[in-house]
Amino acid sequence: MKVAENIHQKTSPVSSFLEITFGLMLIGWGSCAVLSQVLNWTVNHPVIRVLFVVGGFSPTVASYWVMRKQQLVRNFSDWLKQVFDVKHGLFIYACVFLFVAVYYILGCTINGFQLGAPVFMLIVIVPMMLFGGGNEEVGWRMILQPEIEKRHGFHAAVWITAIIWWVWHTPLFFIQGTANASMNYLLFGIMCLTLSYALGTIRKISNGVFPCILTHCLINGLSATFVFQFSTMSCCLTLLVVILLSVLILKFSSKRKH
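Only a predicted model underlies this, so the values are computations on that prediction, with no experimental measurement involved.

Right, let's get into the environment of Leu-187. Along the chain, Leu-187 turns up in helix H10 (residues 185-206). Distance in space between the C-alpha atoms of Leu-187 and Ser-58 is 24 Å, their sequence separation being 129 residues. Once residues within four sequence positions are removed from consideration, Leu-187 is found in contact with Phe-230, Ser-231, Thr-232 and Cys-235.

Shown next as structure tokens:
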């Protein structure tokens, strides 16, 4: 039985998931932000590094805890099997690469870009992003998005998840040395909504989390190769294009199932 179907038969895990996620985030990233502001420590400080991992893995830890509590997995190995379910059709993976391509083509075309790490380094960088963002998807898109969607529908679920995801990142803007520290907070929020539409769409058509993890890893990994600064125009235009793609893909996917 699919994860989403199993969750539906249990008490909604949203509250538990958010309590654990934000609790660990505040312990990890909250402490990092305070130490960085008070002691002028950067993200490279050993103490900050340890606490940073705690905060970054908060949705991951919450996902496993909630799924064990809900008896949706028997053990850690069972949880990993559900997370890394790579058996999805060509259409799903084509959508993954389409969303990633749109994100970077529009961003680079509108803002201009510089080449950073060589393209071949993506072989190393993208897998590394499993620990630098991809891991979050086992929480946001495996639990939160599907549960909210049951009550409020797809589009409302995307917006709610995006706002929660945006707020969750807030401490990063107060930690010296992070990429977020130099970003515009509002534009980052628009980016969260854009990616939430892409990731939410992939989650819905695949009923799996691995394609979402791959998308997140590609988005983060490619940022080391194609370096560009966000602008209001690029963020807004990319959001509109991604929403349009989302609607079209969902309609096409629905027709394929009938």
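Before going further, it helps to spend a moment on the confidence of the model for the protein chain. Do not read the fine detail of predicted coordinates wherever pLDDT is low. Here the protein chain averages 93 in pLDDT, while 95% of its residues score no lower than 70. Low confidence marks residues 1-9, where pLDDT is under 50. Its contacts with residues over four positions away, or in another chain, come to 18 contacts.

This next bit is on helix H8 (residues 137-152). Of all the bends in H8, the largest measures some 30 degrees and sits at Gln-145, one to four residues before the proline Pro-146. Within H8, 13 of the 16 residues are buried, which leaves it mostly tucked inside the rest of the structure. Downstream of H8 by a residue or two, Gly-153 has a phi angle that is positive, lying close to 90 degrees.

Following the criterion strictly, the structure yields 20 aromatic pairs and no others. Measuring from centroid to centroid gives 5.9 Å for Tyr-104 and Phe-228, while their planes differ by 85 degrees, and the two rings are edge-to-face. Within this pair, whereas Tyr-104 is found in helix H6 (residues 90-111), its partner Phe-228 is found in the loop between strand S2 (226-227) and helix H12 (232-257), the two being separated by 124 residues in sequence. Judged on exposure class, the residue Tyr-104 and its partner Phe-228 are both buried. Seen from their ring centres, Phe-113 and Phe-226 are 6.0 Å apart, and the 65 degrees between their planes marks the pair as edge-to-face. Of this pair, Phe-113 sits in the loop between H6 and strand S1 (114-115) while Phe-226 sits in strand S2; the two residues are 113 residues apart in sequence, bridging distant segments of the chain.

Taken together, the side chains of Trp-159, Ile-163, Val-167 and Tyr-185 make up a nonpolar region of the molecular surface, amounting to roughly 360 Å² of accessible area. Ranked by residue count, the leading element in the nonpolar patch is helix H9 (residues 154-168), at three residues. Take Val-167: it is sitting in helix H9. Note on Val-167: relative accessible area 38%, which makes it partly exposed.

Residues other than glycine seldom take positive phi values, yet Gln-71 does so here, at roughly 60 degrees. Under the relative-accessibility criterion, Gln-71 is labelled exposed at 63%. Of note in this structure, Asn-207 is not a glycine but carries a positive phi near 55 degrees. One can find Asn-207 in the loop between H10 and helix H11 (210-222). For Asn-207, a relative accessible area of 27% translates into the label partly exposed.

The rules we used
Each chain has its residues counted from 1, running along the sequence as written. Only residues with pLDDT of 70 or above have their local features reported here, since the model is predicted, and side-chain atom pairs are shown and tallied only from 80 upward, although totals for entire chains, interfaces and linings are computed over all residues. Calculated side-chain values reflect all of the structure's heavy atoms, with hydrogen atoms and water omitted. Helix and strand definitions here come from DSSP, where helices need a minimum of 4 consecutive H or I residues and strands a minimum of 2 consecutive E residues; each element is numbered from the N-terminal end. Residue contacts are counted whenever heavy atoms from the two residues lie within 4.5 Å of one another. Predictor confidence is given residue by residue as pLDDT, running from a minimum of 0 to a maximum of 100. We define the bend at each residue as the angle formed by axes fitted to the 7 residues ending at it and the 7 residues starting at it. For the exposure calls, accessible area comes from a 1.4 Å probe over protein chains only, and a residue counts as buried if that area is under 20% of its type's maximum, exposed if over 50%, partly exposed in between. Any Phe, Tyr or Trp ring, taking Trp's six-membered ring, that has another such ring centre within 6.5 Å forms a pair; planes under 30 degrees apart are called stacked, those over 60 apart edge-to-face, and the others tilted. Every patch collects residues that have over 30% relative accessible area and no salt bridge, joining them within 9 Å if they carry like charges and within 5 Å if they are nonpolar side chains (Val, Leu, Ile, Met, Phe, Trp, Tyr). Computed by Shrake-Rupley with a 1.4 Å probe, the accessible areas treat only the displayed protein chains as cover when residues are assessed. Salt bridge, as applied in this entry: a Lys or Arg side-chain nitrogen positioned within 4 Å of an Asp or Glu carboxyl oxygen.

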